[in-house]
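Next come the chains, spelled out residue by residue.
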Amino acid sequence: MLNGAHKGNASLRLHVNTTKSGDVAYLCVLVPSSDVWMFSLKRILPAVKMAVAAVEAMGILPNVELKIVTGNSRCNARDGAIEAFEYYYNRKQISVFLGPVCDYVVAPVSRYAPFWNIPVLSPGGFAHDLGAKSSEYATLTRLGVTFNGLTRSVLGFAERFRLRKGHVIYHPQAMGDIQPNFCYLAAGAILHAARKNSRLDFVGSSYFPS
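Everything numeric here is computed off the predicted structure, so don't read it as measured data.

Trainee: Looking at this structure, how should I read the overall build of the chain?
Mentor: The helix and strand inventory of the chain stands at five helices and 10 strands. In the chain, which comprises 210 residues, the proportion classed as buried is 41%.

Trainee: Explain the pattern of salt bridges to me, please; I cannot follow it from the model alone.
Mentor: If the charged atoms of two oppositely charged side chains come close together, the side chains can form a pair. Inspection of every chain in the model, using the stated rule, returns five salt bridges. The salt bridge involving D35 is made with K42; its shortest N-O contact spans 3.0 Å. Classification of D35 by relative accessible area gives partly exposed; the value is 32%. By relative accessible area, which is 60% here, K42 ends up exposed.

Trainee: It is not clear to me how the pairing of strand β10 (residues 201–206) should be interpreted in this structure. Could you clarify?
Mentor: On any regular strand, side chains alternate: one points to one face of the sheet, the next to the other face. Note that strand β9 (residues 165–170) and β10 share six bridges and pair parallel. Looking at β10, one finds that G166 is bridged to F202. Each parallel crossover has a hand, and the one from β9 via helix α5 (residues 182–195) to β10 is right-handed.

Trainee: Even after reading the chapter, I still don't get the nonpolar core, so can you show me in this structure?
Mentor: What tends to happen in soluble globular proteins is that the nonpolar side chains get buried as a cluster. Membership of the largest hydrophobic core comes to 24 residues, with the highest contact counts inside it found for C28, I94, F97, V109 and L130. Only β4 (22–31), α2 (77–90), β6 (94–98) and α3 (103–116) provide two or more residues apiece to this core. Other than its neighbours up to four places away in sequence, F97 contacts C28, L30, A84, V109, W116, I118, P119, V120 and L121. With 19 residues, the next largest nonpolar core counts I178, A186, A194 and F202 among its residues.

Trainee: Mind showing me how you'd approach the pairing of strand β5 (residues 64–72) here?
Mentor: As paired strands, β4 and β5 are joined by nine bridges and run parallel to one another. Its bridge partner being in β5, V29 is matched across the sheet by T70. Between β4 and its parallel partner β5, the chain crosses via helix α1 (residues 41–58), and the hand of that crossover is right-handed.

Trainee: I would appreciate a short explanation of the state of the cysteines in the present structure.
Mentor: Formally, a disulfide is one covalent bond, and it connects the sulfur atom of one cysteine to the sulfur atom of another. This structure, assessed with the given rule, holds one disulfide. A sulfur-sulfur distance of 1.8 Å marks the disulfide that ties C75 to C102. Classification of the bridge connecting C75 and C102 rests on its S-S torsion, roughly -105 degrees, and on that basis the disulfide is left-handed. With C75 in the loop between β5 and α2 and C102 in the loop between β6 and α3, this residue pair connects regions lying 27 residues apart in the sequence. By relative accessible area, which is 3% here, C102 ends up buried.

Trainee: Just checking my understanding: could you explain the packing of helix α4 (residues 147–160) against α5 for this structure?
Mentor: In a pair of packed helices, the angle between the axes and the distance between the axes together describe the arrangement. Where α4 contacts α5, the axes come no closer than 9 Å and their chain directions differ by 55 degrees. Overall, the two elements α4 and α5 adopt an arrangement that is oblique. In terms of crossing hand, the pair formed by α4 and α5 is right-handed. Contacts between α4 and α5 involve F147, L150, T151, V154 and L155 from the first element and F182, L185, A186, A189, I190, A193 and A194 from the second.

Trainee: Would you explain unusual backbone geometry in this entry?
Mentor: Backbone phi values are negative for most residues with the exception of glycine, while trans is the configuration of most peptide bonds. Going from G99 to P100, the amide bond is cis rather than trans, its omega being 0 degrees. Mapped onto the fold, P100 is located in the loop between β6 and α3. The phi angle at N63 is positive, at roughly 70 degrees, despite the residue not being glycine. Tracing the backbone through its elements, the reader meets N63 in the loop between α1 and β5. Using a relative accessible area of 72% as the deciding quantity, one classes N63 as exposed.

Trainee: Is there a simple way to explain a nonpolar patch on the surface in this structure?
Mentor: A surface patch of nonpolar side chains, about 290 Å² in accessible area, is lined by M58, I60 and L61. Structurally, the position occupied by I60 is in the loop between α1 and β5.

About the criteria used
- Residues numbered from 1 in each chain as written.
- Predicted model: local features only at pLDDT ≥ 70, side-chain atom pairs only at ≥ 80, totals over all residues.
- Heavy atoms only, no water.
- Helix = DSSP H or I, 4+ residues; strand = E, 2+ residues; numbered from the N terminus.
- Buried < 20%, exposed > 50% of the residue type's maximum accessible area, 1.4 Å probe, protein only.
- Salt bridge = Lys/Arg side-chain N within 4 Å of Asp/Glu carboxyl O.
- Pairing = 2+ DSSP bridges.
- Right-handed = clockwise from strand over helix to strand, strands pointing away.
- Core = buried A, V, L, I, M, F, W, Y, C linked by side-chain atoms within 4.5 Å.
- Contact = heavy atoms within 4.5 Å.
- Disulfide = S-S within 2.5 Å.
- Axes fitted to C-alpha atoms, helices over the stretch in contact; angles between N-to-C directions.
- Parallel < 35°, antiparallel > 145°, perpendicular 65-115°, else oblique.
- Left-handed = near helix turned anticlockwise from the far one by under 90°.
- Patch = residues over 30% accessible without salt bridge, like charges linked within 9 Å, V, L, I, M, F, W, Y side chains within 5 Å.
- Areas by Shrake-Rupley, 256 points an atom, 1.4 Å probe, with all protein chains shown as cover.

Shown next, in the form of structure tokens:
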């Protein structure tokens, strides 16, 4: 077992499989296989392999072999969660999930991961509520930008220029190559934060350009 910690009270232990040839840590890359998505397996797997090679070259995990396994999340909450369950119970003992990226897959996988004591490292997970590390998503670490930063920028702009009313207009199907409902979730994050500020009156609506 490799000891580590995450934000919260519980201690996080990374499982390492002991075999006759030595210790093995399985890194499960859980992303869509279809190139319809920006974060498809073909696009990100070379970077993961480069990162593993760099870790091994630096000797960060001596005497531990890092092996990459892959799962097809299909950017779908049902299929992605089933794939994670399949790996945990019926295939390899996963040490860490790299991905998912799509919010609708990040959410269910990251809810179960604390019970399995498995960290989830995601460049996605944009939605504001996925930042709840102290409760549902204790082992989730979001590695990239999120809608929290976008929200702080928009509301900071409103405060700076003393704007009190705002209308968030979004295209429900835009940015669909990143994940479903990308702009809907972005607008929802802004409106959620704005409703907590008694000085702001923000509304939202969808728009389909002709």
